[in-house]
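Below are the chains, spelled out letter by letter.
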Amino acid sequence: MTALEKIGLGGSCHWCTEAIFQSLKGVLHVSQGWIASDDNPTRFSEAVVVEFDPVQISLETLIEIHLHTHSCTSDHSMRSKYRSAVYVFTDMQRFLASQAIEKLQADFDQSIITEVTSFGEFKLNDEKYLDYYSKNPDKPFCKTFIDPKLKILLARFSGAVDKGKFFN
């Protein structure tokens, strides 16, 4: 049996990020809330912790999906709330994440601002907001913000998508 891995990902609303990563083959669990890194333990930003099977989906694929489903090149005014980051748990993850971002820069016209930083602390969101998209797919927020990101996911990464999850 393969050991599961964890990675933290932040960049946009955690409801959006949660729905994206819950949709993927090889992702076994997504915890949605706020993450602070070791380098700034008082700065919590909306993010998810993704538990995945690296045999079914690679860290590099997760990072590629992450970069293409949020504004990874925009240093907009909401960046303190929506930090564009990959929160790593090991030195190997740091190396692989940095290498993946460097390689994926060719996909973007502007510089990627996504930080690779050490995971510090996680605060789980309130129960009523967990699994937000699966509980509320017809709410205006989901239709306006999450559905378009899921369409990008289907169009660009269809092979990684578990179509039995949200795409019936």
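A quick note: this is a predicted structure, and the numbers were derived from the prediction, not measured.

Moving on, we come to the overall build of the chain. Assigned secondary structure in the chain consists of six helices and five strands. Scanning the chain from its N terminus toward the C terminus, one meets helices and strands in the order β-α-β-β-α-β-α-β-α-α-α. Structurally, the chain occupies a C-alpha span of about 40 × 35 × 35 Å along its principal axes. Residue burial in the chain is summarised as follows: out of 168 residues, 46% are buried. Residue pairs in contact within the chain that sit at least 24 positions apart in sequence constitute 75% of those at least 6 positions apart. Taken together, the 18 basic and 22 acidic charged side chains of the chain have centroids lying 6 Å from each other.

All right, on to the side chain of Ser12 then. Assignment of secondary structure puts Ser12 in the loop between β1 (5–10) and α1 (14–22). At 3.4 Å, the side chain of Ser12 forms a polar contact with the side chain of Thr17. Those residues within four positions of Ser12 in sequence are excluded, and the remaining contacts are Thr17, Glu46, His70, Tyr82 and Lys149.

The phi angle at Asp131 is positive, at roughly 55°, despite the residue not being glycine. We classify Asp131 as partly exposed; its relative accessible area is 32%.

Helix α5 (residues 140–157) packs onto helix α2 (residues 59–68) with a crossing angle of 130° between their chain directions and a minimal axis gap of 10 Å. Taken as axis vectors, α2 and α5 run oblique relative to one another. Considering only the axes of α2 and α5, their crossing is right-handed. Residues Glu64, Ile65 and His68 of α2 pack against Ile152, Leu153, Arg156 and Phe157 of α5. Taken together, the residues of the contact of α2 with α5 break down into four nonpolar, one polar and two charged.

All right, on to the packing of aromatic side chains then. Tallying each qualifying case throughout the model produces five aromatic pairs. A ring pair is formed by Trp15 and Tyr132, whose centres lie 3.6 Å apart and whose planes are at 10°; its orientation type is stacked. Here the residue Trp15 occupies a position in helix α1, and Tyr132 occupies one in helix α4 (residues 132–135), the gap between them amounting to 117 residues. Ring centres of Trp15 and Phe141 lie 5.2 Å apart, and the angle between their planes is 90°; on these two criteria the pair is classed as edge-to-face. Of this pair, Trp15 sits in helix α1 while Phe141 is found in helix α5, placing the two residues 126 residues apart along the sequence. Residue classification places Phe141 among the partly exposed positions, given a relative accessible area of 24%. By way of ring pairs, the aromatic residues Trp15, Tyr129, Tyr132, Phe141 and Phe145 are connected into one cluster.

Of the pairings in the sheet, the one linking strand β2 (residues 27–37) to strand β5 (residues 115–124) comprises five bridges and is antiparallel in character. Counterpart to Ser37 in the pairing with β5 is Phe119. Across four bridges, the pairing between strand β4 (residues 85–88) and β5 is parallel. Across the sheet, the residue bridging to Val86 is Val116, located in β5.

Okay, the sheet that holds β4 next. The sheet built from five strands closes into a barrel, its strands ordered β1-β3-β2-β5-β4 with mixed pairing. Shown here is a sheet whose adjacent strand axes are inclined to one another by a mean of 50°, direction ignored. α2 contacts β1, β2, β3 (40–52) and β4 of the sheet and is inclined by roughly 15° relative to β1.

Rules used throughout
Residues numbered from 1 in each chain as written. Predicted model: local features only at pLDDT ≥ 70, side-chain atom pairs only at ≥ 80, totals over all residues. Heavy atoms only, no water. Helix = DSSP H or I, 4+ residues; strand = E, 2+ residues; numbered from the N terminus. Buried < 20%, exposed > 50% of the residue type's maximum accessible area, 1.4 Å probe, protein only. Contact = heavy atoms within 4.5 Å. Lys, Arg positive; Asp, Glu negative; His and termini not counted. Charge placed at Lys NZ, Arg CZ, Asp CG, Glu CD. Polar contact = N/O pair within 3.5 Å; in protein donor to acceptor, adjacent residues only side chain to side chain. Axes fitted to C-alpha atoms, helices over the stretch in contact; angles between N-to-C directions. Parallel < 35°, antiparallel > 145°, perpendicular 65-115°, else oblique. Left-handed = near helix turned anticlockwise from the far one by under 90°. Nonpolar A, V, L, I, M, F, W, Y, C, P; charged D, E, K, R; others polar. Phe/Tyr/Trp six-rings, centres within 6.5 Å; stacked < 30°, edge-to-face > 60°. Pairing = 2+ DSSP bridges.

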